[in-house]
Amino acid sequence: MGLRVCLVTPFAWSRPHDVNEHVAGIADGLRALGHSVTVLAPSTRAADLIAGRRALLDGGSDEVIALGPAVPVSRRSRIGVPVGARANLTLALARGGYDVVHGFEPGLPSLSYLALRDSRALAVATFLSPERLGYPPGRAQRERLLGRIDALVATSEATAEAANQRLPGDYQVLSSGVDTELFRPGEKRRLVVVEWRPGERPLHRAVSRALRQLPDWELVLLRTKPLAGRPTVSRSLRGRARVRTLRDGPSRAALLNEAAIFVPAFDGLDRVRLEADAAGAAIASPTGVREQPELAAAEVMRLAEDEAYRERRGAKARTEAEGQSFAAVARELDEIYQGLTGRRRAERVADPLAGREWVVADLHLHTSWSHDCQIPVADLLDQAEAQGLGAIAVTDHNVFGGALEAAELARDRDLVVIPGEEVKTEDQGEVIGLFLTEEIPRGQSFGETVAAIRAQGGIVYLPHPFDRLHAIPEPATLHRHLAEVDVLEVYNARLLFEAYNDEALRFARKYDLAMGAGSDAHVLQGVGTGAMRMRAFEGPEDFLVSLRTAQVLRRPRSLLYLQSLKWAAQAKERVR
């Protein structure tokens, strides 16, 4: 199934950058798989900005759209986050109708970060370097960003480990990709290419000393970054050693395709190493070379003197690179995208309960069986009827007695009581089970709690999933068990910050989840302040069908007033 995919890079599209090469390569690979792909990026070229604005006004279907000027923030990178670029990004996301928004290096204050934070599409984040993980600085901002990312990708184990420290989750490690048509073994010359870094002079000197003993071999010191200083060429190698500055793949291809040996820098670009592999160059980077640069020189000597060994190493490198082509990476990303779209629940067009009457249901209530509530069960039922409720869910904390008592007392009433329990998990917040038949013990893992609810034929209802003032499931846990969550609470009348309810509503809409609402009342005055207007139901199956056409009702009252009543009731009980 072809998807509309948006790839967002923080770096100026008009300038060479390894992240942009990665984005361009996988964009072509995804298009070859039948997806419609648009790249959003800043640019330093006026013609790009004019064309980008025109594309946004025309509907935003171009392959590359420049959203605004790039703002220099360091000597190494240029990223764009001016007001105009933010406005254009908002317009592009709104008009693009994207199924997937994929941001690269969102650990920078960049377009990628803003796209993942603000998009309402499925969101994927890719991290390519452990050095680009400083943003956002605040923990709350990181948690909000993480809650909106549906899949986490890294291009190396080291990057995944570093990113996991700032944004914990389940990372998939994919190759950075390489163009195996552009980089392919050519007619090899007696040429050694060394990736040059100004802080790695011991490595360069060691290789240069080795070249003095190889009079038929040439040396190229390869610079891949601007303003990185200029290496000094030994006088003994003049005439067969030179310095080349090649910042993009096409310019490096001719050199690496004819290179017989490649010596990567300790902290060089992973992309350049992969390009050398694809070009069939033998890589001289033995174990322990960082501590003993002379080992690289010894490996260069061995490769230069043993042609058969050199050819075997080059052929092996090429074979490994073929499995890391941009086409292969695009196929892996396609699996990720399709897996995310598969999480969405199928929409029901018809309403099989259309002939039934409407009832108002408060799906989150407590009684005196909860440790922090003093409402007698009979009083709760009376108040629910007085508020015009047709159904309530009694969900006491870690006990089931209140629900059983309420169900028994409601037998002669028109009020429907759903027996439930709000269960505290081991360390991933709380889960409500509805339509239960027996108590579920607290302290189990999130998965075990969900399994216990489903084992009773109950409904898994996730309360206040983004209320960060309380314990809540981590994003990785939520995504891992998303298929097992039947109802997501999108309105809880007791939340201090309405933004937490908005975040839940955003998440439910993204995955087309059944939505629930409740007052979470701990005092009688709060009953019914949050509820659902839904068709009358009989049993859990009808309940879920009814929720598909239900409406969220918000009947807000002063949270300070309700909370003060709760505190007063608790204080009164302690005095007794």
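I will try to describe carefully the structure that is included in this document. (Residues numbered from 1 in each chain as written. Predicted model: local features only at pLDDT ≥ 70, side-chain atom pairs only at ≥ 80, totals over all residues. Heavy atoms only, no water.)

**Quick notes on the sheet that holds strand 18 (residues 430-434)**
Okay, step 1: Spatially, the 9 strands line up as an open sheet ordered 21-20-19-18-17-16-15-22-23, and their pairing is mixed. Each edge of the open sheet is held by one strand with a lone partner, namely strand 21 (514-518) and strand 23 (551-554). Recorded for the sheet is a direction-independent mean angle of 30 degrees between the axes of neighbouring strands.
Okay, step 2: Strands strand 20 (487-492), strand 21 and strand 23 of the sheet are contacted by helix 17 (residues 498-511), whose axis makes an angle of about 150 degrees with strand 20. (Pairing = 2+ DSSP bridges. Helix = DSSP H or I, 4+ residues; strand = E, 2+ residues; numbered from the N terminus. Axes fitted to C-alpha atoms, helices over the stretch in contact; angles between N-to-C directions. Contact = heavy atoms within 4.5 Å.)

**Observations concerning the nonpolar core**
Okay, step 1: Of all hydrophobic cores here, the largest spans 68 residues; its most connected members are Leu-7, Leu-333, Tyr-337, Ile-392 and Phe-507.
Okay, step 2: Among the elements that take part in this core, helix 12 (residues 326-341) stands out by supplying 7 residues, more than any other.
Okay, step 3: If we skip the residues at most four places from it in the chain, Ile-392 touches Asp-362, Leu-365, Leu-380, Leu-381, Ala-384, Leu-415, Val-416, Val-417 and Ile-418. (Core = buried A, V, L, I, M, F, W, Y, C linked by side-chain atoms within 4.5 Å. Buried < 20%, exposed > 50% of the residue type's maximum accessible area, 1.4 Å probe, protein only.)

**A word on the sheet that holds strand 10 (residues 191-195)**
Okay, step 1: On the basis of which strands lie adjacent, the open sheet formed by 5 strands has the order 12-11-10-13-14 and parallel pairing. Both outer strands of the open sheet, strand 12 (241-245) and strand 14 (282-283), are each paired with one neighbouring strand and no more.
Okay, step 2: Lying on the sheet, helix 10 (residues 294-305) is in contact with strand 10, strand 13 (261-263) and strand 14; it crosses strand 13 at an angle near 175 degrees.

**Section: the side chain of Thr-38**
Okay, step 1: Secondary-structure assignment places Thr-38 in strand 2 (residues 36-43).
Okay, step 2: The buried category is assigned to Thr-38, whose relative accessible area is 1%.
Okay, step 3: Within the structure, Thr-38 has its side chain in polar contact with the backbone oxygen of Asp-62 (distance 3.2 Å). (Polar contact = N/O pair within 3.5 Å; in protein donor to acceptor, adjacent residues only side chain to side chain.)

**A closer look at a nonpolar patch on the surface**
Okay, step 1: Together, Leu-469, Leu-496 and Phe-497 make up an exposed nonpolar region whose accessible area comes to about 300 Å².
Okay, step 2: Its location among the elements puts Phe-497 in the loop between strand 20 and helix 17. (Patch = residues over 30% accessible without salt bridge, like charges linked within 9 Å, V, L, I, M, F, W, Y side chains within 5 Å. Areas by Shrake-Rupley, 256 points an atom, 1.4 Å probe, with all protein chains shown as cover. Salt bridge = Lys/Arg side-chain N within 4 Å of Asp/Glu carboxyl O.)

**Re the packing of aromatic side chains**
Okay, step 1: Summed over the entire model, instances satisfying the criterion amount to 8 aromatic pairs.
Okay, step 2: Each ring, one from Phe-435 and one from Phe-537, has its centre 6.4 Å from the other, and the planes form 80 degrees; the classification is edge-to-face. Placement of Phe-435 in the loop between strand 18 and helix 15 (446-455) and of Phe-537 in the loop between strand 22 (530-535) and helix 18 (539-547) is noted, with a sequence separation of 102 residues between them.
Okay, step 3: By relative accessible area, Phe-435 is classed as buried at 15%.
Okay, step 4: Measuring from ring centre to ring centre gives 5.4 Å for Phe-435 and Phe-543, while their planes differ by 65 degrees; the resulting arrangement is edge-to-face. You can see Phe-435 sitting in the loop between strand 18 and helix 15 and its partner Phe-543 sitting in helix 18, a full 108 residues away along the chain.
Okay, step 5: Under the relative-accessibility criterion, Phe-543 is labelled buried at 0%. (Phe/Tyr/Trp six-rings, centres within 6.5 Å; stacked < 30°, edge-to-face > 60°.)

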